[in-house]
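Structural description and commentary
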Amino acid sequence: MSITTSPRTPPSVHARSTRRVGWTILTALTPMAWGTTYIVTTHLLPEGHPLFAAMMRSLPAGLIALLIARQLPHGSWWWKSLVLGTLNMAAFFPLLFLAAQQLPGGVAATLGAAQPIVIAFLTVAILHEKLSLWRVTWGVLGMIGVALVVLGPNAAMSPLGILAGLGGAVSMGIGVVLTKKWGRPEGVSAVGLAGWQLTAAGLVLLLPALLIDGIPPGIDGKAVLGYAWLGLIGALLTYTIWFAGIRRLPVTATALLGLLSPLVAAVLGAAIAGEALAPLQLLGFAAALIAMVAGQLPPPRNKDHVRS
């Protein structure tokens, strides 16, 4: 006599689901930390030195990461680290600081919400993946939320700041997709990969920072604290987590987590800088939050493709 057992979901499926949720929550801490960049830049750092601030955020953190990992690039990873460091940091950081200095914190941060849309289409062009209409839809909703915040009545707009914010989103969007494409060399830790890129970015920025910006006069204790926060937390820790998360999560869904950055920046702006948020702007933030959460869910299955 044979015994028929009902089909059960393999434990490995549940384990993978649990791991993904865990990595999603951990990776979400990165854009939350990045959301503090704007308030730190405007309240702690010397004004008008975006290249120097970007160099201070990347080079010391990169050197510390190299000391921790004790691993140097090899083979093609010398030029790959240079490309990724330039896109993810050397270009992104100055544009980020420039946007932070030209725009209110919440407005500057929300411009990064263009990144999921950029990444959704770059995954098709670079990774040769099928376009995820599900995540594009939520990305568009996130952009609508961004527009509601940016076009709020109390938002002082600067064309230079807007261009810098959008340029930073595009630069890092390309860097994120290439990071997913190239992966990580066998035996290299996430902190090692972050160290390669941060060091490369710092070296790219070193001469422009010293020749164009120069060393800001009157670097006080607040500035040192700001540089330390942005370098140790906003770069070394966050990029280590970010690169580990990109390796394990869908890249477009990971990019949607970036919508947490404007939420944190807006809360800090309202609490510390006194930046009032109009009801329409609050609606925009709610839309961005909904888009971020929904974008983490798998797309619904098409019943027409399910065979009985």
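Residues numbered from 1 in each chain as written. Predicted model: local features only at pLDDT ≥ 70, side-chain atom pairs only at ≥ 80, totals over all residues. Heavy atoms only, no water.

Tallying secondary structure elements over the protein gives 14 helices and zero strands in all. Starting at the N terminus and ending at the C terminus, the protein contains elements arranged as α-α-α-α-α-α-α-α-α-α-α-α-α-α. Accessible area of the protein: about 14800 Å², with a carbon and sulfur share of 70%. (Helix = DSSP H or I, 4+ residues; strand = E, 2+ residues; numbered from the N terminus. Areas by Shrake-Rupley, 256 points an atom, 1.4 Å probe, with all protein chains shown as cover.)

Helix length check: helix 3 (residues 50-69), at 20 residues, gives a terminal C-alpha distance of 28 Å against a target of 28 Å (1.5 Å per residue), a fit within 8%. Counting buried positions along helix 3 gives 14 out of 20 residues, so the element sits mostly inside the fold. At the exit of helix 3 stands Arg70, carrying a positive phi of roughly 55°. (Expected span 1.5 Å × (residues − 1). Buried < 20%, exposed > 50% of the residue type's maximum accessible area, 1.4 Å probe, protein only.)

Here we come to the environment of Ile39. In this fold, Ile39 is placed in helix 2 (residues 37-43). For Ile39, a relative accessible area of 14% gives the class buried. Considered as a pair, Ile39 and Ile272 are 233 residues apart in the sequence and their alpha carbons are 8.1 Å apart.

We now examine the nonpolar core. With 53 residues, the main nonpolar core has Phe93, Tyr239, Trp242 and Phe243 as its most contacted residues. The element contributing the most residues to this core is helix 3, with 10 residues. In this structure Trp242 touches Thr27, Thr30, Pro31, Trp34, Met172, Val176 and Thr254, once residues within four positions along its chain are discounted. (Core = buried A, V, L, I, M, F, W, Y, C linked by side-chain atoms within 4.5 Å. Contact = heavy atoms within 4.5 Å.)

At their nearest, the axes of helix 7 (residues 115-125) and helix 9 (residues 159-182) sit 9 Å apart, and the two run at 40° to each other. Considering the angle they form, helix 7 stands oblique to helix 9. Where helix 7 crosses over helix 9, the two elements pack in a sense that is right-handed. Side by side, helix 7 and helix 9 meet where Gln115, Val118, Ile119, Leu122 and Thr123 of the first sit next to Ala169, Val170, Met172, Gly173, Ile174, Val176 and Val177 of the second. Of the residues contributing to the contact of helix 7 with helix 9, the split by class is nine nonpolar, three polar and no charged. (Axes fitted to C-alpha atoms, helices over the stretch in contact; angles between N-to-C directions. Parallel < 35°, antiparallel > 145°, perpendicular 65-115°, else oblique. Left-handed = near helix turned anticlockwise from the far one by under 90°. Nonpolar A, V, L, I, M, F, W, Y, C, P; charged D, E, K, R; others polar.)

Right, let's talk about the side chain of His49 for a bit. Tracing the chain through its elements places His49 in the loop between helix 2 and helix 3. On the accessibility criterion, His49 (14% relative accessible area) is buried. With residues up to four places along the chain from it excluded, the contact list for His49 reads Gln101, Asp213, Gly214, Pro216 and Pro217.

Inspection of every chain in the model, using the stated rule, returns nine aromatic pairs. Taking the centre distance of 5.9 Å and the plane angle of 75° together, the rings of Phe52 and Tyr227 count as edge-to-face. Of this pair, Phe52 sits in helix 3 while Tyr227 sits in helix 11 (residues 221-248); the two residues are 175 residues apart in sequence, bridging distant segments of the chain. Across the pair, exposure class does not vary: Phe52 and Tyr227 are buried alike. Of the aromatic side chains, those joined through ring pairs into one cluster are Trp34, Phe92, Phe93, Tyr239, Trp242 and Phe243. (Phe/Tyr/Trp six-rings, centres within 6.5 Å; stacked < 30°, edge-to-face > 60°.)

Its location among the elements puts His74 in the loop between helix 3 and helix 4 (77-90). Given the relative accessible area of 45%, His74 is considered partly exposed. In the structure, His74 is positioned 111 residues away from Pro185 in sequence and 9.2 Å away in space, judged by C-alpha atoms.

Attention now moves to helix 10 (residues 190-213). The sharpest bend along helix 10 reaches about 35° and sits at Leu205, with the proline Pro208 one to four residues further on. In the segment just after helix 10, Gly214 is the residue with positive phi, at about 75°. (Bend = angle between axes of the 7 residues up to and from the residue.)

The geometry of helix 4 relative to helix 10 is characterised by a closest axis approach of 7 Å and an angle of 70° between their N-to-C directions. Comparing the axis directions of helix 4 and helix 10 gives the class roughly perpendicular. The segment helix 4 lies against helix 10, with Trp77, Ser81, Leu82, Leu84, Gly85, Thr86, Asn88, Met89 and Ala90 engaging Leu193, Trp196, Gln197, Leu198, Ala200, Ala201, Val204 and Leu205. Here the residues of the contact of helix 4 with helix 10 sort into 12 nonpolar, five polar and no charged.

Now for a nonpolar patch on the surface. Together, Leu210, Ile215, Ile219 and Val224 make up a nonpolar patch on the protein surface, roughly 350 Å² of accessible area in all. For Val224, the position within the fold is in helix 11. (Patch = residues over 30% accessible without salt bridge, like charges linked within 9 Å, V, L, I, M, F, W, Y side chains within 5 Å. Salt bridge = Lys/Arg side-chain N within 4 Å of Asp/Glu carboxyl O.)

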